[in-house]
Amino acid sequence: MGGMNYTVVDSKKLATAEIYGKTLCELGEKDKRVVALTADLAGSTKIGDFKEKFPDRFFNVGIAEQNLFGIAAGMAKAGLIPFISTFSVFASMRATDQLHTDICYQNANVKIIGSHSGTSYGQAGSTHHAIEDVAMVRSLANLKVIVPADGFETANAVRAAAAMDGPVYIRINRGFDMNIYENEDYGFEFGKGVLMNDGNDVTVIANGCCVFQAIQAARILESDFGIHARVINLHTIKPIDRDIILKAAEETRRIITVEDHTILGGLGTAVGEVVLESGRACAFKKLGLNDCFSAIGFHEDLMTMNGIDTEGIVKTAVDMMKRAHVVEISSDGKTTKALKFDDRDFEAEIDWTDEV
Amino acid sequence: MKEVSITQDDLYAARIFFNAALPLLKVVIQSKPNIKKKFEKKNFVFQVSALYDMAPGGKMATHLVFNNGEITVKVSEIHPKPDIEFVFPDIKKFIIFFSGKGMPLPKMKGIVKNMGSFMAVMQGLLTMSKLLGSTDAPVAIEDQELLVKLFFYLLPNGISQLNKAGHEKIHDFALKSPDRAYAFAVTGYPALNSYIRFKEGNSKAGRGEYPRCKPFLTLRFDSVMHALDILMSKGDMVDYMANDYLKVEGAPEFAGIVGEFMFVIGDYAKAAYMD
């Protein structure tokens, strides 16, 4: 089954998780209280470097996630800063009771890094798809939730988590993420969304791997349809950036949320709650898994299947705009641009002639 | 005339040569100032054709229209009265000639009347043939860049042409494909970029940067020479990736598919199926 086994090349290119591993080492150098724990997934979650550098501060508890969380809570109460690394699906569900009672209830200073989130480990099957984790962890008091969009943002998120007191859940992918930033210096601020593209026709709010797709969709919406899409990377789901959401609702009146997660209880729900509580009205559509389990396959194909890739976002935005496109209107010798609404077939005008 | 049996592989190979390789003559002429100069004041039509009863008009052809230095390529179109025409008696001989497997010379029409134009075309064709047929990287830097460009243009075009011809593997892939673009690039050399876009059975090869958005996947080389190593089968793709000479921007699983299609085109360009 393709993609299940990492090759020597793949293992060097697991950008997001690898950056997390390196950042954890950097934190370990600076602060002796930082310890790393895993449940037999050190290799997959890329904390092997930490194990090599700080063998006395690395703990593999075996395949026992509940113990992993309980031990981490105890360590935190003893003054350490434990970083737990495991798959998101196990972090959010197999150890929910320990996460709830041992960590969140005690406001223990534990940082949970859930990797292989969403459908990013698509080939491994439904047992390894973490499509409900955000809904689970978002409801736990004291727990902050960050969903970085690429490796650079992951590094920023890990540093921010280390710098604050209390539990933090960081949701990252298996790897192979497309970078949306050139480097880490773009002004990451915990709890603050990032405006990735400005526009006033429709707002696409995304997080994680969907941010890249949203940015590409905005380019296509602009070039092919004349639709100016605002794109917001809402990396922090909790606490949520109410201002950036409400500004978007007011200025664009149309919001599409995109997440590699069920549409029940995740990013879309969180954004919807903000809009609803404000009393403002706007067209609203949540893209994600629609109350279903995912098929099994490559992550990219699953994103397409679930309508959370570039094409899915473009189609949704065009539908939301009532299939509007820009036309030029000439009157009194002046040419102005206007939106025309029609039922033309989506991309019926593609010229498939090869360029020679 | 002795009847020649034409196989499906012959048709695929012919399509690559006619519709993806021959059009590169324009690129070669435009990239070489000394050759380009020879076309500046010339107006003529040059056509290459191969007789094939099953094709509309009884032959497969590609022609180039030269108009005072401007060049227009017309693939899959038969010009009724080209000024110069190379006519191959059948598709197999055309493939043998262009793949370098042999020298079954075509019938050359119009060369006496258009000797100057003929000489210019021959210089372009020989330069292209020397570049694409070489086993070692060219010495001149501009030739290295041109060769990468020729390969980068040939591969997406060849893949797209095979899709349009119904090649089982490639067309099956295209049929299942959502709207995705696969690009070839060398960092720092945007003029060399090319791409292929697939969507639900359709495909389009293009040159330059993919205009709509960031491609679904980009095979990005760090230098022209490293690109040539891979394109000329002198380097190991896995080693090059491990050393960051070649970066896959996107999921590696899909890079494998593109790599596989590159080899399909390479094999047809060498007429390997005839071995």
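Here is what the cut-offs are and how they apply
- Residues numbered from 1 in each chain as written.
- Chains lettered and ligands numbered in written order.
- Predicted model: local features only at pLDDT ≥ 70, side-chain atom pairs only at ≥ 80, totals over all residues.
- Helix = DSSP H or I, 4+ residues; strand = E, 2+ residues; numbered from the N terminus.
- Rg over C-alpha atoms; globule rule 2.2 N^0.38 Å.
- Buried ≥ 20, exposed ≤ 12 C-beta atoms within 10 Å, placed from the backbone.
- Contact = placed C-beta atoms within 7 Å.
- Domains from an automatic or database assignment.
- Nonpolar A, V, L, I, M, F, W, Y, C, P; charged D, E, K, R; others polar.
- Pairing = 2+ DSSP bridges.
- Axes fitted to C-alpha atoms, helices over the stretch in contact; angles between N-to-C directions.
- Expected span 1.5 Å × (residues − 1).
- Core = buried A, V, L, I, M, F, W, Y, C linked by C-beta atoms within 7 Å.
- pLDDT = per-residue confidence, 0-100.

**Some thoughts on the overall build of chain B**
Tallying secondary structure elements over chain B gives ten helices and ten strands in all. Scaling as 2.2 N^0.38, a compact globule of 275 residues should have a C-alpha radius of gyration of about 19 Å, and chain B matches this with 19 Å. Seen through its principal axes, chain B has C-alpha atoms that stretch 55 × 40 × 35 Å. Within chain B, the fraction of its 275 residues that count as buried is 44%. Counted over contacts in chain B with a minimum sequence separation of 6, partners at least 24 positions apart contribute 67%.

**What about the domain arrangement of chain B?**
Residues and elements named next belong to chain B. In terms of domain boundaries, chain B breaks down into domain 1 (8–133) and domain 2 (141–274). Between domain 1 and domain 2, the contact holds 18 residues from the first and 20 residues from the second. Taken together, the elements giving at least two residues each to the side of domain 1 that touches domain 2 come down to α1 (8–21), α2 (24–31), α4 (91–99) and α5 (115–133). When residues in the side of domain 1 that touches domain 2 are grouped by element, the largest group, nine residues, is from α1. Residue classes in the side of domain 1 that touches domain 2 are distributed as twelve nonpolar, three polar and three charged.

**Quick look at the sheet that holds strand β10 (residues 236–238) of chain A**
Residues and elements named next belong to chain A. Read across the sheet, seven strands follow the order β2-β1-β3-β4-β6-β5-β10 without closing on themselves; strand pairing throughout is mixed. Strands with a single pairing partner mark the edges of an open sheet, and in this sheet they are β2 (58–60) and β10. Neighbour-to-neighbour, the strand axes of this sheet turn through a mean angle of 20°, independent of strand direction. Bridge analysis of strand β5 (residues 144–146) against strand β6 (residues 168–171) gives three bridges, and the strand direction is parallel. Residue pairing for β6: Lys144 is matched across the bridge by Val168. Running at roughly 165° to strand β3 (residues 81–87), helix α4 (residues 65–77) makes contact with β1 (34–38) and β3 of the sheet.

**A word on the sheet that holds strand β9 (residues 229–233) of chain A**
All names here are of chain A. Spatially, the five strands line up as an open sheet ordered β7-β9-β8-β11-β12, and their pairing is mixed. Each edge of the sheet is formed by a strand with only one pairing partner; in this case those strands are β7 (194–197) and β12 (283–289). Averaged over all adjacent pairs, the angle separating strand axes in this sheet is 25°, with direction ignored. With six bridges joining them, strand β11 (residues 254–262) and β12 adopt parallel strand pairing. Residue pairing across strands places Val258 opposite Leu287, the latter belonging to β12. The strands touched by helix α11 (residues 267–278) within the sheet are β8 (202–206), β11 and β12, with β11 carrying the most contacts at an inclination of about 145°.

**A word on helix α8 (residues 151–163) of chain A**
End to end, α8 of chain A covers 18 Å across 13 residues, agreeing with the expected 18 Å (1.5 Å per residue, within 8%). The buried fraction of α8 of chain A amounts to ten of the 13 residues, a majority that puts the element mostly inside the structure.

**Concerning unusual backbone geometry**
Outside of glycine, negative phi angles account for most residues, and trans bonds account for most peptide bonds. Residue and element names in this part refer to chain A. Going from Lys238 to Pro239, the amide bond is cis rather than trans, its omega being 5°. Note on placement: Pro239 falls in the loop between β10 and α10 (242–252). For Asp40, which is not glycine, the phi dihedral falls at a positive 65°. Note on placement: Asp40 falls in the loop between β1 and α3 (48–53).

**So, the nonpolar core**
One finds Ala72, Ile84, Ile170, Val204, Ala214, Ala217 and Ala317 of chain A to be the most contacted residues of the largest nonpolar core, which totals 101 residues. The element that contributes the greatest number of residues to this core is helix α9 (residues 210–225) of chain A, accounting for ten residues. Domain assignment of the residues forming this core places at least three in each of domain 1 (8–171) and domain 2 (194–320) of chain A. When sequence neighbours within four positions are dropped, the list of residues in contact with Ile170 of chain A reads Ile112, Ile113, Gly114, Ile146, Pro148, Ala157, Val158 and Ala161 of chain A. With 85 residues, the next largest nonpolar core counts Tyr12, Leu231, Met241 and Ala271 of chain B among its residues.

**Focus: the environment of Ala214 of chain A**
Topologically, Ala214 of chain A is positioned in helix α9. In contact with Ala214 of chain A, not counting residues within four places along its chain, are Val204, Ala206, Val231, Val258 and Ile313 of chain A.

**A short note on the confidence of the model for chain B**
Chain-level statistics for chain B give a pLDDT mean of 94 and a share of 99% at 70 or above. As scored by the predictor, the complex reaches a pTM of 0.83 and an ipTM of 0.74.

**As for the interface of chain B and chain A**
At the junction of the two partners, chain B supplies 27 residues and chain A supplies 25 residues. For the side of chain B that touches chain A, the secondary-structure elements that each account for two or more residues are β3 (70–75), α6 (141–164), β8 (202–207), α9 (237–242) and α10 (252–269) of chain B. Take the side of chain B that touches chain A: its biggest share by element is six residues, from β8 of chain B. Of the residues assigned to the side of chain B that touches chain A, the class counts are 13 nonpolar, seven polar and seven charged.

**Observations regarding α4 of chain B**
Residue and element names in this part refer to chain B. Those residues of α4 that sit buried are Ile91, Lys92, Phe94, Ile95, Phe97 and Phe98. Turning to α4, the residues buried within the fold contact α1, β1 (43–51), β2 (59–67) and β4 (84–88). Positive backbone phi, approximately 80°, marks Gly100, located one or two places after α4.

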